[in-house]
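Listed here are the chains, written in short residue letters.
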Amino acid sequence: MDTQHAAALLDPPSPVPPRAPAARVRGAVKRYGRGDTAVTALDHVDLDVPAGRFTAVMGPSGSGKSTLMHCLAGLDTLTAGSVHLGDVELGSLSDRELTRVRRERIGFVFQSFNLVPTLTARENIVLPSSLAGRKPDADWFEQVVRTVGLGDRLRHRPSELSGGQQQRVAVARALVSRPEVVFADEPTGNLDSRSGTEILEFMRSAVRGIGQTIVMVTHDPAAASYADSVVFLADGRIVDSIDEPTAERVLDHMKRIGA
Ligand SMILES: Nc1ncnc2c1ncn2[C@@H]1O[C@H](COP(=O)(O)OP(=O)(O)OP(=O)(O)O)[C@@H](O)[C@H]1O
């Protein structure tokens, strides 16, 4: 064996550099109102959102899940602390810059689908890219649309689609611009369980297949079990987290935090 090959055997393979978190929250405090009526919705929250992973956020009603997600997504501002999306601190941005970050770097999926009723499914999917002045990559568009399995329904308007199909359009719309993070707020809340399962499987395949980062707020332990990890909020604080969740373990942890 020559010396070069011998050296190659002795050298440990260079480690794959870990991906930086897609988003980081430090010391996050959010208070609504003042004085006697003030509510602390987030109470010193620290959280790393791992890139290329599916993270679920759970907790009792009023525990701060939506507030956390809105602050992470630049839809609301913190009272104290910081949120970074990649290397950008959202608190340092003007409203205009924040709008641009939301449009170009973040995807949203809402419980209520939020599709434009007068546009076809295809037009809804490309709308955010059109608004940002970009044309989605044609191959990627085809891949997303194929995976969502809408086929010939792409020419239909939302009123001609089932709830599950409408949400598939909404998820495709969130994914097609390859945002750094997709935030999903109760994405299966308005769906029957079969359509809900399809959406969750689709979101999970986007994480596994293309390394999409997804953060999902849900009340449903079965939905949370599709995630790679679950963080639990109670009274505005992160009180627990689990990796590789099953619905039973999630339910157990929910019971433990009194949800
Ligand atoms: N705009 C607001 N003004 C005043 N208080 C608010 C506002 N938004 C949220 N809150 C309060 O902040 C706390 C956290 O609310 P948040 O909606 O984040 O909880 P949640 O966990 O998402 O609840 P749910 O599961 O019911 O949606 C609650 O006490 C809520 O009443």
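Counting starts from 1 at the beginning of each chain's written sequence and moves along it residue by residue. Where totals are concerned, whole chains, interfaces and linings use all residues; where local detail is concerned, this predicted model gives features only for residues with pLDDT of at least 70, and gives and counts side-chain atom pairs only at 80 or more.

As annotated in an unreviewed UniProt entry, the protein chain is Putative ABC transport system ATP-binding protein from Ilumatobacter fluminis.

(A) Focus on the overall build of the protein chain. For the purposes of this entry, the term helix denotes a DSSP run of H or I that reaches at least four residues, the term strand denotes a run of E that reaches at least two, and both are numbered from the N terminus. For the protein chain, the count of helices and strands is 9 helices and 10 strands. A radius of gyration in this sense is built from C-alpha atoms; the matching globule rule multiplies 2.2 Å by the number of residues raised to 0.38. For 259 residues, the compact-globule estimate of 2.2 N^0.38 gives 18 Å, and the C-alpha radius of gyration of the protein chain, at 20 Å, lies within 12% of that figure. The buried share of the protein chain, taken over its 259 residues, is 38%. Our exposure labels follow a C-beta count within 10 Å of each residue's own C-beta, placed from the backbone: buried means 20 or more other C-beta atoms, exposed means 12 or fewer, and partly exposed covers the counts in between.

(B) Summary view of the site of the ligand. Neighbouring the ligand are the residues Tyr32, Gly33, Val39, Ala41, Gly59, Ser61, Gly62, Ser63, Gly64, Lys65, Ser66 and Thr67. No other element matches the 3 residues that helix H2 (residues 65-72) contributes to the shell around the ligand. Amino acids are sorted into nonpolar (Ala, Val, Leu, Ile, Met, Phe, Trp, Tyr, Cys and Pro), charged (Asp, Glu, Lys and Arg) and polar (every other residue, Gly among them). The class makeup of the residues in the shell around the ligand is 3 nonpolar, 8 polar and 1 charged. In this text, near has one meaning. A residue is near a molecule or strand if its C-beta atom, placed using the backbone, is within 6 Å of it.

(C) The packing of helix H4 (residues 121-131) against helix H6 (residues 163-175), seen in detail. Each axis is a line fitted through C-alpha atoms, taken for helices only over the stretch in contact, and angles between the N-to-C directions span 0 to 180 degrees. Contact geometry for H4 and H6: axes closest at 7 Å, N-to-C directions at 30 degrees. Considered as vectors, H4 and H6 are oriented roughly parallel to each other. Remark: the crossing between H4 and H6 carries right-handed chirality. On the side of H4, the interface is formed by Ala121, Asn124, Ile125, Leu127 and Pro128, while H6 contributes Val169, Ala172 and Arg173. Classifying every residue of the contact of H4 with H6 gives 6 nonpolar, 1 polar and 1 charged. Put simply, angles under 35 degrees are roughly parallel, angles over 145 are roughly antiparallel, angles from 65 to 115 are roughly perpendicular, and the rest are oblique. Crossing handedness: left-handed means the near helix sits turned counterclockwise from the far one by under a right angle, and right-handed means the same turn made clockwise. For the purpose of contact definition, each residue receives a C-beta atom placed from its backbone, and two residues are in contact when these atoms lie within 7 Å.

(D) Quick peek at the pairing of strand E4 (residues 80-85). The pairing criterion is simple: DSSP has to find at least two bridges between the two strands. Relative to E4, strand E1 (residues 23-32) runs antiparallel, the two being bridged by 5 bridges. Note that in E4 the partner of Arg24 across the bridge is His84. With 2 bridges joining them, E4 and strand E5 (residues 88-89) adopt antiparallel strand pairing. When the bridges of E5 are listed, His84 appears paired with Glu89. Counting the residues between successive antiparallel strands, the hairpin from E4 to E5 contains 2 residues, one of them, Gly86, with a positive phi of roughly 60 degrees.

(E) Spatial organisation of the nonpolar core. The biggest cluster of nonpolar side chains holds 65 residues, and the ones touching the most others in it are Leu72, Val171, Ala172, Val181, Phe183 and Met203. The leading source of residues in this core is H6, at 6 residues. With sequence-adjacent residues up to four places away left out, Met203 is seen in contact with Phe54, Val171, Ala184 and Ile214. Note on terminology: a nonpolar core is any set of buried Ala, Val, Leu, Ile, Met, Phe, Trp, Tyr and Cys residues joined through C-beta atoms within 7 Å.

(F) Inspection of the sheet that holds strand E10 (residues 237-243) at higher detail. The sheet built from 6 strands is open, its strands ordered E6-E7-E8-E3-E9-E10 with mixed pairing. Each having just a single partner strand, strand E6 (106-109) and E10 make up the two edges of the open sheet. Strand-to-strand, the axes of this sheet are offset by a mean angle of 20 degrees, without reference to chain direction. With 6 bridges connecting them, strand E9 (residues 229-234) and E10 associate as antiparallel partners. Paired with Leu233 across the strands is Ile238, a residue of E10.

(G) Examining H2 more closely. Taken as a whole, H2 has its buried residues at Lys65, Thr67, Leu68, Cys71 and Leu72. End-on, the buried residues of H2 take up no more than an arc of 170 degrees, which puts them together on one face. Immediately downstream of H2, the backbone of Gly74 shows phi near 70 degrees, a positive value. The arc in question is traced by the directions running from the helix axis to the C-beta atoms.

(H) Broad picture of the pairing of E9. Summarising burial for E9: 5 of the 6 residues are buried, a large majority. Direction of pairing for strand E3 (residues 54-58) relative to E9: parallel, over a ladder of 4 bridges. Counted as the bridge partner of Val57 is Val231 from E9. Counted along the chain from E9 to the antiparallel partner E10, the turn is 2 residues long, and its residue Asp235 has a positive phi close to 50 degrees.

(I) The sheet that holds E4, seen in detail. A sheet is described by the order of its strands in space; here 4 strands give the open sequence E2-E1-E4-E5, paired in antiparallel fashion. The two strands at the open ends of the sheet, each matched to only one other strand, are strand E2 (39-49) and E5. Across the sheet, H2 touches E1, E2 and E4, and the angle it forms with E1 is around 125 degrees.

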